[in-house]
Amino acid sequence: MAENSSWEDKPGEGYAHPAKNKTQDWHDDFSGQIIIPADAVPGERYWMSVKDGVSQNSGNPYRRIKLGNKVQASNETSAPTPAPKAETVDDFKDDIPF
């Protein structure tokens, strides 16, 4: 993973380095590994952050990936209230400007 000797394996963190064998545009620019936290539930979404860095030993670039807390569902689950509809054509007669 990281080329820095101070690197410690921590759940929810990982590093990605530039792909060494990239030969086509569709190949990934970076690849690496991450340790999934033990309490992570498959299929649930978690916040993630990515930060650019440079190895102190080699000067090579890398990306630090960190998983955060689980994304909480929004409290706004109900549909918006529809606007009231006019019941007859007479309801519209005052809205015409001419």
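See the structure shown above.
Residues numbered from 1 in each chain as written. Predicted model: local features only at pLDDT ≥ 70, side-chain atom pairs only at ≥ 80, totals over all residues. Heavy atoms only, no water.

Scanning the protein from terminus to terminus reveals zero helices and four strands. Across the 98 residues that make up the protein, the buried fraction comes to 12%. When contacts within the protein are restricted to residue pairs at least 6 apart in sequence, those whose partners lie at least 24 apart make up 41%. Within the structure as shown, the protein displays about 8,700 Å² of accessible surface, and the carbon and sulfur contribution to it stands at 50%. (Helix = DSSP H or I, 4+ residues; strand = E, 2+ residues; numbered from the N terminus. Buried < 20%, exposed > 50% of the residue type's maximum accessible area, 1.4 Å probe, protein only. Contact = heavy atoms within 4.5 Å. Areas by Shrake-Rupley, 256 points an atom, 1.4 Å probe, with all protein chains shown as cover.)

Turning our attention to the packing of aromatic side chains. If you walk through the whole model with that rule in mind, you get one aromatic pair. When the ring centre of phenylalanine 30 is taken as origin, the NZ or CZ atom of arginine 63, which lies over that ring, is 4.0 Å away. (Phe/Tyr/Trp six-rings, centres within 6.5 Å; stacked < 30°, edge-to-face > 60°. Lys NZ or Arg CZ within 6 Å of the ring centre and 35° of its normal.)

Attention now moves to the environment of proline 61. As for its position among the elements, proline 61 is in strand S4 (residues 61-70). In this structure, the C-alpha to C-alpha distance between proline 61 and histidine 17, residues 44 residues apart in sequence, is 6.8 Å.

Scanning the entire structure with this criterion turns up four salt bridges. Across the pair arginine 63 and aspartate 52 runs a salt bridge whose closest N-O atoms are separated by 2.3 Å. Residue arginine 63 is located in strand S4, and its partner aspartate 52 is located in strand S3 (residues 46-54); the two are separated by eleven residues in the primary sequence. The exposure class of arginine 63 is partly exposed, given its relative accessible area of 29%. Overall, the relative accessible area of 54% leaves aspartate 52 in the exposed class. (Salt bridge = Lys/Arg side-chain N within 4 Å of Asp/Glu carboxyl O.)

Spatially, S2-S1-S4-S3 is the arrangement adopted by the four strands of the open sheet, whose pairing is antiparallel. Each edge of the open sheet carries a strand with a single partner, namely strand S2 (30-34) and S3. When the angles between neighbouring strand axes are averaged without regard to direction, this sheet yields 25°. In this sheet, S2 lies alongside strand S1 (residues 13-18) in antiparallel orientation, the contact comprising five bridges. The residue of S2 that forms the bridge with histidine 17 is serine 31. (Pairing = 2+ DSSP bridges. Axes fitted to C-alpha atoms, helices over the stretch in contact; angles between N-to-C directions.)

Now for the pairing of S1. The element S1 is largely enclosed, with a buried count of five among its six residues. Examined bridge by bridge, S1 and S4 share four bridges and lie antiparallel to one another. Bridge pairing in S4 links glycine 14 to isoleucine 65.

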